[in-house]
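Secondary and tertiary structure notes
If you want the building blocks of each chain, they are given just below.
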Amino acid sequence: MKVPFIPVSEPQITPEDIASVTSALSDGWISGESHYVTQFENDMCLKVGRKYGIAVSNGSVALDLTIEALNLQPGDEVILPSFTIISCLSQLLRKGVKPIFVDADSATWNMQTNTVESLVTSRTKAILAVHIYGLPCDMNPLADIAIRHGIPLIEDAAEAHGLLYYGKQCGSFGFASTFSFYANKNVTTGEGGMILTDNLDFAQKIRSLRNLGFSPEERFVHKELGWNSRLSSIQCALGISQLKRLDKIILRRQEIAARYLEAFSNLDIVQFPVHKTAYATNNYWVFGMVLNEDAGRTSKEIRSILEANGIGTRPFFFPLHRQPVLKQYGLDSSVDELPIATKLGKYGFYIPNGLAITEQQQDCVIEKVSECLK
Ligand SMILES: *Cc1c(COP(=O)(O)O)cnc(C)c1O
């Protein structure tokens, strides 16, 4: 008999979502320029508490355009966590910017903040903070360093829609923040992203980069080049509808996590996410776990057993400081130690917590995971 497979993140599309998308289609608004796009941008601004929002085709492009608009030069440096997705690094490497990697905190899995100040040099042109797996990064120490050294703080909030840091929305802290609306994110448009900022010049620059560098005065006369990074109205219609129930989505993820945490309270060979810090409560965007090193098993081994038993899983991020691609850009991937990011990459993985998961599916995950890890 074939085991039924439980995907790691099955999205939830409601009748309201479908109605919203259908209305865009039946109104004939399908391109990346319409009131659906501006409404989605405005709704995000309202939710997060920002002045300007620029919808783009995905969260990686949101980061690419942000880095592009900072006008960085070869040899400049940007400080960022090692434990994050490649999207944070790609455009830095393409621009010849030197990434300065920070290790992760072993409990929160977010970047350590106490080592950042010592990494600032005269070439540092930005700090890129990333909220990891549903627990906000400790922003105040970073904002403080950024202000004292006069460098912009960029906030990758792709995993942090609706999360609060000391009661304030993630995505509202940096000079600019970026979001993703990929299928597994708290708010999804299938594929999609956005840049938020309070700086008008920066917003205009990003708008131009998003839209081929068309000039407002003479459309087909170009003083600069951009890309076509627009997000379609059909996708924005979905985003508008999804955003309306963000608070419910967050509660649902916490409910899924609470069930797991209770069921797994006897498992002592894994570390679970931190539930609460002084500044935030975990939203459990993904439900991650990290095997103890002395258990003698890597996440790869455990994942292959779970997958064979019909349980979808994903590995944690592979640390950026060890990415083989660094070599292509003249950087040595073996110099930095960063032991915690390395350990998370080797021993961490996450299990199904998609919004569409049923209780029965969750029971099945609990049974298989407990069996595998006892
Ligand atoms: C998902 C994600 C991105 C990339 O977003 P895409 O829309 O998939 O391109 C960037 N940063 C972080 C932290 C993410 O989780």
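Placed above this text is the structure.
What you see is a predicted model, and the numbers here were worked out from it, not measured in a lab.

Attention now goes to helix α6 (residues 200-210). Of the positions making up α6, those classed as buried are Phe202, Ala203, Ile206, Ser208, Leu209 and Arg210. The inward-facing, buried residues of α6 abut α2 (35-48), β1 (52-56), α3 (59-69), β8 (176-180) and β9 (193-197). Of the residues flanking the start of α6, the one acting as N-cap is Asn199, its side-chain oxygen 3.1 Å from the backbone nitrogen of Asp201. Within two residues after α6, Leu212 carries a phi angle of roughly 60°, on the positive side.

Right, let's get into the site of the ligand. By nearness alone, 14 residues border the ligand, and Ser60, Asp156, Glu159, Ser180 and Lys185 come closest of all. In this structure, Asn58 approaches the ligand through a side-chain N or O atom, which is 3.5 Å from an oxygen atom. Asp156 places a polar side-chain atom, nitrogen or oxygen, 2.7 Å from a nitrogen atom of the ligand. In the complex, 91% of the free accessible area of the ligand, which totals 380 Å², lies under the protein chains. With 3 residues, α3 is the single largest residue contributor to the shell around the ligand.

The subject of this paragraph is the packing of aromatic side chains. This structure, assessed with the given rule, holds 22 aromatic pairs. Taking 5.3 Å as the distance between ring centres and 25° as the angle between the ring planes, the aromatic pair formed by Tyr133 and Phe317 counts as stacked. Taken together, the residues Tyr133 in the loop between β4 (124-130) and α5 (139-149) and Phe317 in the loop between β12 (314-315) and α10 (339-347) connect sequence positions 184 residues apart. Across the pair, Phe317 and Tyr133 agree in class, each one buried. Each ring, one from Phe264 and one from Phe272, has its centre 6.0 Å from the other, and the planes form 5°; the classification is stacked.

What follows covers the packing of helix α1 (residues 15-27) against helix α7 (residues 233-244). For the pair α1 and α7, the least separation of the axes is 8 Å and the interaxial angle reads 150°. Classified by the angle their axes make, α1 and α7 are roughly antiparallel. Judged by the sense of rotation from one axis to the other, the crossing of α1 with α7 is right-handed. Side by side, α1 and α7 meet where Glu16, Asp17, Ser20, Val21, Ala24 and Leu25 of the first sit next to Ser233, Ile234, Ala237, Leu238, Ser241 and Gln242 of the second. Looking at the contact of α1 with α7 residue by residue, the classes come out as 6 nonpolar, 4 polar and 2 charged.

The rules behind the values
- Going along each chain's sequence as written, the residues are numbered from 1 onward.
- At least 70 in pLDDT is required for a residue's local features to be given in this predicted model, at least 80 for side-chain atom pairs to be given and counted, and no such filter applies to totals for whole chains, interfaces and linings, which use all residues.
- Computation of side-chain values: all heavy atoms of the structure, hydrogens and water removed.
- Accessible area is worked out with a 1.4 Å probe on protein chains only. A residue is then buried under 20% of its type maximum, exposed over 50%, and partly exposed in between.
- For the purposes of this entry, the term helix denotes a DSSP run of H or I that reaches at least four residues, the term strand denotes a run of E that reaches at least two, and both are numbered from the N terminus.
- In what follows, a contact means two residues having at least one pair of non-hydrogen atoms within 4.5 Å.
- N or O atoms closer than or at 3.5 Å make up a polar contact, with two conditions inside protein: a donor-capable atom paired with an acceptor-capable one, and, for residues adjacent in sequence, both atoms drawn from side chains.
- Throughout, the term near means that a residue has one or more heavy atoms lying within 4 Å of the molecule or strand in question.
- Calculation of accessible area relied on Shrake-Rupley with a 1.4 Å probe; when residues are assessed, cover is drawn exclusively from the protein chains displayed.
- Aromatic rings from Phe, Tyr and Trp, taking only the six-membered ring of Trp, are treated as a pair when their centres fall within 6.5 Å; an angle between ring planes under 30 degrees marks them as stacked, one over 60 as edge-to-face, and anything in between as tilted.
- With axes taken as lines fitted to C-alpha atoms, and helix axes fitted only over the stretch in contact, angles between N-to-C directions fall between 0 and 180 degrees.
- Orientation is classified from the angle alone, with under 35 degrees giving roughly parallel, over 145 giving roughly antiparallel, 65 to 115 giving roughly perpendicular, and any other angle giving oblique.
- By the definition used in this description, the sense in which the near helix is turned from the far one sets the handedness, with an anticlockwise turn below a right angle giving left-handed and a clockwise turn giving right-handed.
- All amino acids are sorted into three groups, where Ala, Val, Leu, Ile, Met, Phe, Trp, Tyr, Cys and Pro are nonpolar, Asp, Glu, Lys and Arg are charged, and the leftover types, Gly among them, are polar.

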